[in-house]
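What follows is the residue order along each chain.
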Amino acid sequence: MLTHRERGRRGDEHRPAPWVRTRLRSARAAAALTAVLAFVTVLTVTALPRATDRGANSALATFTQDRGVKATSLHLTARPRPDTPAADLDSVRDRLVGQITRDLPLTRDGEHHGTRALTDRAMLNDGYDRPGGMAPQLHLLYLQGLAGHATLTDGAWPGPAAPGEPLPIAVSRRAAGTIGLRVGDTVDSGPAARARIVGLYRADDPHDRYWQELPCPERACLKTLDGGGVRWETAGFAAGDSRPALLAWGGGGEDFWRLPVDPHALRADRLAALRSGVGSYLAGPGAVLAAEVTGRPDLTLSTLLPEVLAEATARHRATAPLAAIGPAGVAGVAAVVLCLAAALAADRRAAELRLLRARGGSRAGILLRLLGESAVTVLPAAGAATVLALVLLPTPRWTAAVLAAVAGTLLAVLALPVRAAALLSRPRGTGGPPDGVWGSGRRRAVGELLVLAVTGAAVAEVRRRGAAPPASGPDPLLVTAPLLVALSGGLLLARIQPPVVGRLAALARRGRGPIAFLGLARSARDSGGRHRPAVLPALALLLAVTTAGFGATLLDTVDGARLRAARTAVGGDAAVLVPQDAPLPEAFVTAADALPGVRASTGVRIERQTYLLGAGRLAVQVTLVVVEPRAYAEIARTVGAGAFDPAVLAGAAPSDSAPSDSAPSTVARPDVPVPALVSPGLAGQLTPGPQRLRTPGGELLATVVGTTDSTPALPEAVREFVVVPVAAAAARLPELARPDNWFAVGDIDGDRLRPLFAARGLADASGLAGLLREEAREVSEEPGGIPDGYLVRTARETAAALAADPLQHSTVRLFRSAAVAGVAFALLAVLLTVLRASPDRAAVLARLRTMGLRPREGLALIVAETVPQTLAAVAGGAVVAAGAVALLGPAFDLSLLVGAPVGDRLAPHVLPVLLPTAGVALLVCAAVVLEAAVSGRRQIATELRAGDRR
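This write-up is about the structure you can find in this document. Within any chain, residue numbers begin from 1 and follow the written order of that chain's sequence. Reporting in this predicted model follows two pLDDT cut-offs: at least 70 for local features of residues, and 80 or more for side-chain atom pairs to be given and counted; totals over whole chains, interfaces and linings ignore these cut-offs and use all residues. Side-chain numbers come from the whole structure's heavy atoms, not from hydrogens or water.

Looking at the state of the cysteines
- When two cysteine sulfur atoms lie within 2.5 Å, the pair is treated as a disulfide. On inspection of all chains with the given rule, the structure shows one disulfide.
- Disulfide partner of Cys216: Cys221, at an S-S distance of 2.2 Å. A torsion of -130 degrees about the S-S bond marks the disulfide between Cys216 and Cys221 as left-handed. Here Cys216 matches Cys221 in class, with each residue buried. Only protein chains enter the accessibility calculation, which uses a 1.4 Å probe. A residue is then buried if its area is under 20% of the maximum for its type, exposed if over 50%, and partly exposed in between.

Re helix H9 (residues 305-348)
- Numbered from the N terminus, helices here are DSSP runs of H or I no shorter than four residues, and strands are runs of E no shorter than two. In this scheme, a helix's expected span is set at 1.5 Å multiplied by one less than its residue total. Between the first and last C-alpha of H9 there are 62 Å, a value that for 44 residues agrees with the 64 Å anticipated at 1.5 Å per step.
- By definition, a residue's bend is the angle between the axes fitted to the seven residues ending there and the seven starting there. At Thr319, H9 shows its maximal kink, close to 40 degrees; a proline, Pro321, follows between one and four residues later.
- H9 sits mainly inside the fold: 31 of its 44 residues count as buried.

Some thoughts on the nonpolar core
- Counting 78 residues, the largest nonpolar core has Val333, Leu541, Phe550, Leu554 and Phe892 as its most contacted members.
- Per element, the largest residue contribution to this core is 16 residues, and it comes from helix H16 (residues 535-570).
- Take the buried Ala, Val, Leu, Ile, Met, Phe, Trp, Tyr and Cys residues and link them wherever side-chain atoms come within 4.5 Å; each set so joined is a nonpolar core. Core analysis: the next-biggest nonpolar cluster, separate from the first, contains 54 residues, Ile197, Val230, Val261 and Val308 among them.

A few points about the packing of aromatic side chains
- Aromatic contacts are taken between Phe, Tyr and Trp rings whose centres are within 6.5 Å, Trp giving its six-membered ring; a plane angle under 30 degrees counts as stacked, one over 60 as edge-to-face, and the others as tilted. Summed over the entire model, instances satisfying the criterion amount to seven aromatic pairs.
- Geometrically, the ring pair formed by Tyr201 and Trp211 is stacked, given 6.2 Å between the ring centres and 5 degrees between the ring planes. One end of the pair, Tyr201, is in strand E8 (residues 194-203); the other, Trp211, is in the loop between E8 and strand E9 (221-224), with 10 residues separating them in the sequence. No difference in accessibility class separates Tyr201 from Trp211, as the two residues are buried.
- Aromatic pair Tyr632 and Phe644: ring centres 6.3 Å apart, planes at 40 degrees, arrangement tilted. Taken together, the residues span a long stretch of sequence, with Tyr632 in helix H18 (residues 629-639) and Phe644 in the loop between H18 and helix H19 (646-649) at a distance of 12 residues. The residues Tyr632 and Phe644 share a single accessibility class, namely buried.
- Through a chain of ring-to-ring contacts, the aromatic side chains of Trp157, Tyr201, Tyr210, Trp211 and Phe237 assemble into a single cluster.

Thoughts on the pattern of salt bridges
- The salt bridge criterion pairs a side-chain nitrogen of Lys or Arg with a carboxyl oxygen of Asp or Glu, the two atoms within 4 Å. Scanning the model with the defined rule gives 29 salt bridges in all.
- Of the charged contacts in the structure, one is a salt bridge between Arg93 and Glu111, with a shortest N-O distance of 2.6 Å. Separated by 18 residues along the polypeptide, Arg93 in helix H4 (residues 87-100) and Glu111 in the loop between H4 and strand E2 (112-117) bring together distant segments of the chain.
- Residue Arg93 is classed as buried on the basis of its relative accessible area, which comes to 11%.
- In this structure, the salt-bridge partner of Arg258 is Glu213, at a minimum N-O distance of 3.1 Å. On the criterion of sequence distance, the pair formed by Arg258 in strand E11 (residues 253-260) and Glu213 in the loop between E8 and E9 is long-range, its members being 45 residues apart.
- Given the relative accessible area of 2%, Arg258 is considered buried.
- By relative accessible area, which is 42% here, Glu213 ends up partly exposed.
- By sharing partners, the salt bridges in this structure join Asp88, Arg243, Asp255 and Arg296 into a single network.

Comments concerning the environment of Thr794
- Of note, Thr794 is situated in strand E21 (residues 791-794).
- Taking relative accessible area as the criterion, Thr794 reaches 1% and is therefore assigned buried.
- Distance in space between the C-alpha atoms of Thr794 and Ala566 is 8.2 Å, their sequence separation being 228 residues.
- With residues up to four places along the chain from it excluded, the contact list for Thr794 reads Val570, Asp573, Ala574 and Gly750. Any two residues having at least one pair of non-hydrogen atoms within 4.5 Å are treated as being in contact.

A short note on the side chain of Thr115
- Its place among the elements puts Thr115 in strand E2.
- The exposure class of Thr115 is buried, given its relative accessible area of 0%.
- At 3.1 Å, the side chain of Thr115 and the side chain of Arg243 are in polar contact.
- Beyond its immediate stretch of four places on either side in the chain, Thr115 contacts Leu89, Leu141, Tyr142, Arg243, Leu246, Leu247, Glu254, Asp255 and Phe256. Within 3.5 Å is the distance limit for a polar contact, defined as a pair of N or O atoms, with the added protein rule that one can donate a hydrogen and the other accept it, and that residues adjacent in sequence qualify only through two side-chain atoms.

Structure below.
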């Protein structure tokens, strides 16, 4: 007899091996490929939301920081308390920061606080520089932390003011050199307002945000007064212990605190909360709490942050559809690939599953074991992919990424069991299921009709209401509508393709060789040999091509609209604008006309102080534009703003050709009215006969010869305008021949135009004019040393400035990355389909080889079988992309994407759709041919040696 131990050992020997372990060991390559596919898919769908958040947050930080410290700070003021020390201001600052940081992120960069004098005073000392006879002006204030941002160069930092003595102050060394200040000077600003300069300093960084908004703290500024005249202005700084004397000097004052918001701590997904928090401190609970914690009941807060955040919200809303369409397309293609992989795996194991069922295995037991296989294979890979995406792309928000990872993981785990459940529920007489089919024919038809109905409803709703309101975030319907259109296109293509390819096979049957016929005939059938549509492979390609084509069309439309908007804003491809009292030198106009790339150019005189007399009862102020007709007509035609026939302004009848230069002009005499084009609004106010135009230089008679709704020289005309030819106008008023603007069209390089203008367009100036010119250079943001008020602009640079939006760059970069990922997944779907059909194809080729088929003909047969399906799917994707643009284009607002108000609408274009379509087609066809060339010969040889074992 067997002992108890021996009986246990014998039981262990006959115990069945674990199902999951046995299956994974017997199909290690398939398990590894499944794990890799799950890893790549989950990594992609997890990384895309993280990349979207990172791009949006980075763009928001750049946007707010570029607005400057004034626009992104909280400005608080209160009545000063002379009896409290300067340290009280620091204490108030600390309490404010402690309270506000609960709702808004703050930064020390650009922060400052102190006390400013209520009134600035003139420095009446003799010997100080007085341009135009005006005494220089002094602003006095106490600024905490001054010594940490400036270096003392002469004298000493101010100390406390002694009773009855002048107030000790420090001024910048640059201002002292400009105005004539010296250490030891007692600045006389009146009987009760004296200050002594005890030190000179130099700003460590004049561009530091600390100095911004202060009145000329690091140099002397030349200010132009409203009533005419100019004067120097600068700031002086007193010590904190001298605040009572400072307030007495200025006749009062105010304490101030500037608390900048940290741009890098802002989050795009919390813009609504940020706006609410700022609003609370403007007029709400936050303002009350701030007054309570500081003990300053009169504390007042002002900020431009609501406007900045509102603009950021609008920009985020405008780019949200494009930012979401790409990732949504990738997610759709990835889901199709997972379903396709599960379908191919289940079809490959169909005989095994039916055998288990026939031997008494329950359907639930089989599905649970398949679920265990998928879980053991997928979960470790998906977990690693999720952790890797979270680590590599850090961002505060993780919910969307984790939900995407969970969704991708569940799909990867459940795809094979669900497919197997559908397979086992099919009656045995129906045979194996076709590739990619998940239900019976009737249920499938109902499902397809349902998809078409949902797509139609979604498109109709999007076209009816447009994009969702800004507060709702990215519009899910606007994002999913292109994918629904692609899904419907895939279903229709799957229905249309088999009979069409079958018809082509019938036509090829009449040909001389059998290759085309055999390839097309096999292409028209599924793996079961029936004319049944294969949805999933075609759907993967359709989604990828539709997403890429739709986004490419959107980007191309935005680029074109941006260039047109830039041309309209500039008034051509290049323009030079100068103040009216400083006309352009003739030498510059001549040299600019000769620049390379200039196709048409002209100097233009714009008289804004012009009045039309006799129009109704009162004179009407208009803008007079004096132009050379032919060149200006070409500019207007190119820009698309108020095109006209130059012969009209030349005094001749309209014609297709302009009059020759040698033809005498009938309007060049002073006693003849000049021809004029007027704006439509002005035309309705005119009386019959010649019109009288009064300019600062005299009167001009004009005869209206036509109307134009716009003109390049006035891209945003705020009043009615009149356009007249320069030759006729200058005969009456010679000063009208001196242009103060220059416009041109053509391929013009701003890097050549700007130095030319700096060399020849700026006349030498000395005295007060020279001072004004240098001050304009100091504050100008124009490159090349061009003074403020003088503009040299090109459409190319303006379009680049409009496009230099970090949010747009981030969105476009994300979309292109998503398009590449979508194409990669679609290519993987095609390869999976080709590899699944490879054994059957090899068997057919082996039989044909025994009948005399040559290897080259075998490769041609493979291409004839696989390429038609691919090309049909890619071409269908191009058609669907164009259709999606036509259907959904009106719902997209292009103005915020362009960066300027535009009336363009999203419409289908051939090239943006054709380029990604051709690229996808070439990639897929190359992959198919490469797979056939590499594996086809080896598999055929195997079949010839071993025979058909199926």
